Amino acid sequence: MNLTIENILLVGSILLFVSIVVGKTSYKFGVPTLILFLAIGMLAGSDGIGGIHFDNPRIAQFIGIVSLNFILFSGGLDTNWTSVKPILREGLVLSTLGVLLTALSLGTFVWFVTDFTIYESMLLGSIVSSTDAAAVFSILRSKNLALKTNLRPTLELESGSNDPMAYVLTIAFLTLVIHQDQSLASIFPLFLQQMIIGGVSGFAFGKLSKFIINEIKLGFEGLYPVLVIALMFITFSATDFVGGNGFLAIYICAVYLGNQDLIHKKTILKMYDGLAWLMQIVLFLTLGLLVFPSQVLPYMGIGLLISLFLIIVARPVSVFLSLVFFKMKLRRRFYISWVGLRGAVPIVFATYPLLAGIDKANMIFNIVFFISLTSILIQGTTLSIVAKWLHVAIPEKAKKITELDQLVIDLPKSSLQEFVISPNFHAVSKRIVDLNFPKSAFIIMIKRNGEFIRPGGSTIIEAKDILMVLADSEKDFIEVYNCLYKPKYIT
């Protein structure tokens, strides 16, 4: 069946519905939902029972890039800077040097065991060199896996920030495959340009986005998430237009925004959580439709050999070498090595050789697909088991509730206090979003001139307002007091 304008919504909605229902029950059997999404796409494709013919790498690449924007941005919004700061260096080294070492070691192995040229081998190694943010975020969070001593922030920071490095390496080695006369040294200016412009743009757009979100008056709460989507795509596209890495820019922008006080932040976070799941499903369904299982089967042998080398040798070696100068327990290094999940991102990157029309593009695509499939099956299904075996998991009841969790899941507070705003204090004539209000407390109602007002981030505090505040402890209320009652003449 060919997809047409008339049936695309019907077919798409049915596939989406089936994916959600099947995915809900999949973890009872220890199967990652991402595998189910891929499988449903493959079953619906030309070689499956659905018979849907989809063979357009360009559309698949476009869907992949859009989906990765949402997935990376959502992951950035969820990144708590307090948790990430202690492991920032380790995460950045893993996402840069670790990716480079993985690409080089795997590329060298591919060169020895196949008839690929050295540049074609390095291209394949680069495509699968990064851990996949969609796979890591999805599996860690759906399993609700609690890990010791900043291990989870390390894994999420690495997976969220290493796609830019893999993208640069993929484009660089693809250029060398197409233009054989260029030297290896020619890729270094491209790397520096992509990473520097991407990093600077991400931070700059983060600050600009915060200003726009908090200063613009839209009038409707539901428009703020839409505004953030527009800012996200502007960040990616503008950075890419000036030669920077758009993926790095949107991740840095999102991390910055996620750790700032924003108007309607709770609404934005909840919407992005749902959109990230939607985009993961759409992305894996699309890639499942794009793949022809009959074309993958001939490469299963070499694909399994390369995949096992990646899991057992290339990934652990790159992790241990990258972290050699950091103090870290051996079992933590082993677990980081094991959480080297490959998922949708390598498959999306594998569409670049297809569109470039290089000789072995189809072979590379099918091998990459098989590597991603085996990685999710082997590593994704065993994350909890390996965590317990290495003693890096903690009981769920001992897992700490983060400030983000408190904001999103509406945890009940135990105490209520009223605060009367005096005319000469700090909070008068200021918006709630500008007060740096403690994240552990909530203003649930404002009494003003005998009427009750439901507060929002843009609500301006006036003299003689009575604020009704919910919090858990006396310490929280002291922070609220200091925030509201600091006299204006104190700097």
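Residues numbered from 1 in each chain as written. Predicted model: local features only at pLDDT ≥ 70, side-chain atom pairs only at ≥ 80, totals over all residues. Heavy atoms only, no water.

Enquirer: What exactly am I supposed to notice about the overall build of the chain here?
Expert: From N to C terminus, the chain includes 22 helices and four strands. A buried classification covers 53% of the 491 residues belonging to the chain. Expressed as a percentage of contacts within the chain between residues at least 6 apart in sequence, the contacts between residues at least 24 apart total 79%. If you sum the accessible surface of the chain, you get close to 22,100 Å²; carbon and sulfur atoms cover 66% of it. (Helix = DSSP H or I, 4+ residues; strand = E, 2+ residues; numbered from the N terminus. Buried < 20%, exposed > 50% of the residue type's maximum accessible area, 1.4 Å probe, protein only. Contact = heavy atoms within 4.5 Å. Areas by Shrake-Rupley, 256 points an atom, 1.4 Å probe, with all protein chains shown as cover.)

Enquirer: How should I be thinking about the packing of aromatic side chains in this particular structure?
Expert: For any pair of aromatic rings, the description rests on two quantities: the centre-to-centre distance and the angle between the ring planes. Enumeration according to the criterion identifies 13 aromatic pairs in this entry. Residues tyrosine 167 and tyrosine 352 carry aromatic rings whose centres are separated by 5.9 Å and whose planes lie at 75 degrees to one another, so their mutual orientation is edge-to-face. With tyrosine 167 in helix H9 (residues 163-178) and tyrosine 352 in helix H18 (residues 351-356), the pair connects residues that are 185 residues apart, well separated along the chain. The pair formed by tyrosine 167 and tyrosine 352 is uniform in burial state, with each residue classed as buried. Here phenylalanine 203 and tyrosine 256 contribute two aromatic rings whose centre-to-centre distance is 5.5 Å and whose plane-to-plane angle is 80 degrees, an arrangement assigned as edge-to-face. Note that phenylalanine 203 is positioned in helix H10 (residues 187-215) and tyrosine 256 in helix H12 (residues 246-258), a separation of 53 residues in sequence. (Phe/Tyr/Trp six-rings, centres within 6.5 Å; stacked < 30°, edge-to-face > 60°.)

Enquirer: How should I be thinking about the side chain of glutamate 120 in this particular structure?
Expert: Within the fold, glutamate 120 resides in helix H6 (residues 118-127). Given the relative accessible area of 7%, glutamate 120 is considered buried.

Enquirer: Is there a simple way to think about the environment of valine 317 in this case?
Expert: By secondary structure assignment, the location of valine 317 is in helix H15 (residues 300-322). On the accessibility criterion, valine 317 (41% relative accessible area) is partly exposed. Expressed as a C-alpha distance, the spacing of valine 317 and leucine 101, which sit 216 residues apart in the sequence, is 8.1 Å.

Enquirer: Please explain helix H19 (residues 361-378) as it appears in this structure.
Expert: For an α-helix the count is 3.6 residues per turn, leaving residues at separations of three or four pointing the same way. For H19, spanning 18 residues, the distance from its first C-alpha to its last is 26 Å, which sits close to the expected 26 Å at 1.5 Å a residue. Among the 18 residues in H19, 14 count as buried, and that is most of the element. (Expected span 1.5 Å × (residues − 1).)

Enquirer: Can you help me understand unusual backbone geometry in this one?
Expert: Both trends apply: most residues other than glycine have a negative phi, and most peptide bonds are in trans. A positive phi angle, near 60 degrees, is found at histidine 391, a position not held by glycine. Locating histidine 391 in the fold gives a position in the loop between helix H20 (383-389) and helix H21 (403-408). In this structure histidine 391 comes out as exposed when scored by relative accessible area, which is 52%. Even without glycine at this site, lysine 464 takes up a positive phi of about 75 degrees. Considering the arrangement of structural elements, one finds lysine 464 in the loop between strand E3 (451-453) and strand E4 (466-471).

Scope: geometric values only; no functional claims are made or implied.
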